Amino acid sequence: MTPASERLLSVPPSPAFWVAVIAYTAAAAALLVVLGGHARLRPLALVLVGVAFAAHGADIGWRGTQHVHPAQSVREALGFLAFIITGGYLLASARYRLTLGGAAVMPVSLVLLVVARLTPAGSAPEDLSTLGRIHISLATVGVGVFALASALSAIYLVEERALKRKRFDTLAFKDNGAPLEALDRLSHRLIWVGFPIFTVALVLGAIWVSKLGESLDRPEYPLAAVTWMFYAALLVVRQAYGWRGRRAARLTLAGFAAALLVLLIYLVRRMAG
């Protein structure tokens, strides 16, 4: 590793990073308070989410001025992934009350950002060409969209279970959350958006690996293909056999679990490297 590459991989977190950490923590706490029955605090909670999103974006921009690309490594991509998830939640919240989802998404974004900034950088990625950056960027966007769809699917399963048991006093029905049909429909639309992006990322990744002369026997490669097959199967069975609701939600979560495993393998390998 050259001194220049080592410097680029070990850029310290910016002041905006710490602002984002505080805002994410405060937003998660505020959303939990809203779920506890204080609906009037919902606007404040969303403002805190917006502050976290803006600070997070400022941190990514600052790292860009230090020549650290958001797709430079899986470590950086995790921070970008958290940014996408938070932004998607804000957009969805403009139409639906997703307080329960926000209470789950904010800690996830916080953890991803902290992991991206405070874990060991590992060795410098070799031969990260423009093709490699495009692949990582598209894969991150695709997984981010899948993450949002999975969050909605998880809310759907919680609400559906509570409704089936006629437990209307649970968190699933606090703050007048989005109806089941809306959650199912929005999750499906997100998968339609994320699937072609992830497909292109998968193809570009295969071309990139081929150009590098690497073997395809690493576990993350077949796992990425499994992720793609889960979502391809979901789109097919929903269109052909009318899968809706619980079955679609579970398949969505299964696909995202495979995608998370891919990211985990990449991160561990980079840190160990």
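Here is what the cut-offs are and how they apply
- Residues numbered from 1 in each chain as written.
- Predicted model: local features only at pLDDT ≥ 70, side-chain atom pairs only at ≥ 80, totals over all residues.
- Heavy atoms only, no water.
- Helix = DSSP H or I, 4+ residues; strand = E, 2+ residues; numbered from the N terminus.
- Contact = heavy atoms within 4.5 Å.
- Areas by Shrake-Rupley, 256 points an atom, 1.4 Å probe, with all protein chains shown as cover.
- Buried < 20%, exposed > 50% of the residue type's maximum accessible area, 1.4 Å probe, protein only.
- Phe/Tyr/Trp six-rings, centres within 6.5 Å; stacked < 30°, edge-to-face > 60°.
- Core = buried A, V, L, I, M, F, W, Y, C linked by side-chain atoms within 4.5 Å.
- Salt bridge = Lys/Arg side-chain N within 4 Å of Asp/Glu carboxyl O.
- Axes fitted to C-alpha atoms, helices over the stretch in contact; angles between N-to-C directions.
- Parallel < 35°, antiparallel > 145°, perpendicular 65-115°, else oblique.
- Left-handed = near helix turned anticlockwise from the far one by under 90°.
- Nonpolar A, V, L, I, M, F, W, Y, C, P; charged D, E, K, R; others polar.

### Here we look at the overall build of the protein chain
- Secondary structure assignment for the protein chain yields nine helices and zero strands.
- Ordered by position in the sequence, the α and β elements of the protein chain form the string α-α-α-α-α-α-α-α-α.
- Considering only intrachain contacts with a sequence separation of at least 6, the fraction spanning at least 24 residues in the protein chain is 81%.
- For the protein chain, the computed accessible surface area is about 13200 Å², with 68% contributed by carbon and sulfur atoms.

### Topic: unusual backbone geometry
- For His67, which is not a glycine, the phi torsion comes out positive at approximately 65°.
- Mapped onto the secondary structure, His67 falls in the loop between α3 (42-65) and α4 (74-93).
- Under the relative-accessibility criterion, His67 is labelled exposed at 57%.

### Re the packing of aromatic side chains
- The final tally for this structure, using the stated rule, is five aromatic pairs.
- Centroid distance Phe146 to Tyr231: 3.9 Å. Interplanar angle 15°. Geometry classified as stacked. Of this pair, Phe146 sits in helix α6 (residues 130-164) while Tyr231 sits in helix α8 (residues 220-241); the two residues are 85 residues apart in sequence, bridging distant segments of the chain.
- Since its relative accessible area comes to 0%, Phe146 is described here as buried.
- Among the residues examined, Tyr231 registers a relative accessible area of 0% and is labelled buried.
- Grouped by ring-pair contacts, the aromatic residues Phe146, Phe198 and Tyr231 constitute a single cluster.

### Observations concerning the nonpolar core
- Among the nonpolar cores identified, the biggest contains 61 residues, and Leu78 and Met106 are the most heavily contacted of them.
- Where this core is concerned, the elements lending two or more residues are α2 (15-35), α3, α4, α5 (99-118), α6, α7 (180-212), α8 and α9 (245-272).
- Those residues within four positions of Met106 in sequence are excluded, and the remaining contacts are Tyr24, Ala27, Ala28, Leu31, Val49, Thr86 and Tyr89.

### Structural notes on the side chain of Glu160
- Assignment of secondary structure puts Glu160 in helix α6.
- Beyond its immediate sequence surroundings of up to four residues, Glu160 is in contact with Leu180 and Arg246.

### Topic: the pattern of salt bridges
- Per the stated rule, a full pass over the model turns up six salt bridges.
- Glu160 is the salt-bridge partner of Arg246, the closest N and O atoms lying 2.8 Å from each other. Linking Arg246 in helix α9 with Glu160 in helix α6, this pair joins segments that are 86 residues apart in sequence.
- Overall, Glu160 belongs to the buried group, its relative accessible area being 16%.
- Arg185 is the partner of Glu181 in a salt bridge, and the nearest nitrogen-oxygen pair spans 3.7 Å. Of the two residues, Glu181 and Arg185 both sit in helix α7, four residues apart, roughly one turn of that helix.
- Assessed through its relative accessible area of 62%, Glu181 is described here as exposed.

### With respect to the packing of α2 against α5
- α5 packs onto α2 with a crossing angle of 160° between their chain directions and a minimal axis gap of 8 Å. In terms of their interaxial angle, α2 and α5 are classed as roughly antiparallel. Relative to α5, α2 is oriented so that their crossing is left-handed. Judged by residue contacts, Phe17, Trp18, Ala20, Val21, Tyr24, Thr25, Ala27, Ala28, Leu31, Leu32, Val34 and Leu35 of α2 engage Thr99, Leu100, Gly102, Ala103, Met106, Pro107, Ser109, Leu110, Leu113, Val114, Arg117 and Leu118 from α5.
- Residue classes in the contact of α2 with α5 are distributed as 19 nonpolar, four polar and one charged.

### Brief notes about the environment of Leu180
- Mapped onto the fold, Leu180 is located in helix α7.
- Residue classification places Leu180 among the buried positions, given a relative accessible area of 19%.
- Taking the C-alpha atoms as reference points, Leu180 and Ile155, 25 residues apart in sequence, are found 8.7 Å from one another.
- Not counting chain neighbours up to four residues away, the residues in contact with Leu180 comprise Tyr156, Glu159, Glu160 and Leu163.

### Description of the packing of α4 against α5
- At their nearest, the axes of α4 and α5 sit 8 Å apart, and the two run at 160° to each other. By the angle between their axes, α4 is roughly antiparallel relative to α5. Taken as a pair, α4 and α5 cross one another with a handedness that is left-handed. Residues Arg75, Glu76, Leu78, Gly79, Leu81, Ala82, Ile85, Thr86 and Tyr89 of α4 form the contact with α5, whose participating residues are Thr99, Gly101, Gly102, Val105, Met106, Ser109, Leu112, Leu113, Val115, Ala116, Arg117 and Leu118.
- For the contact of α4 with α5, the residue count by class is 12 nonpolar, six polar and three charged.

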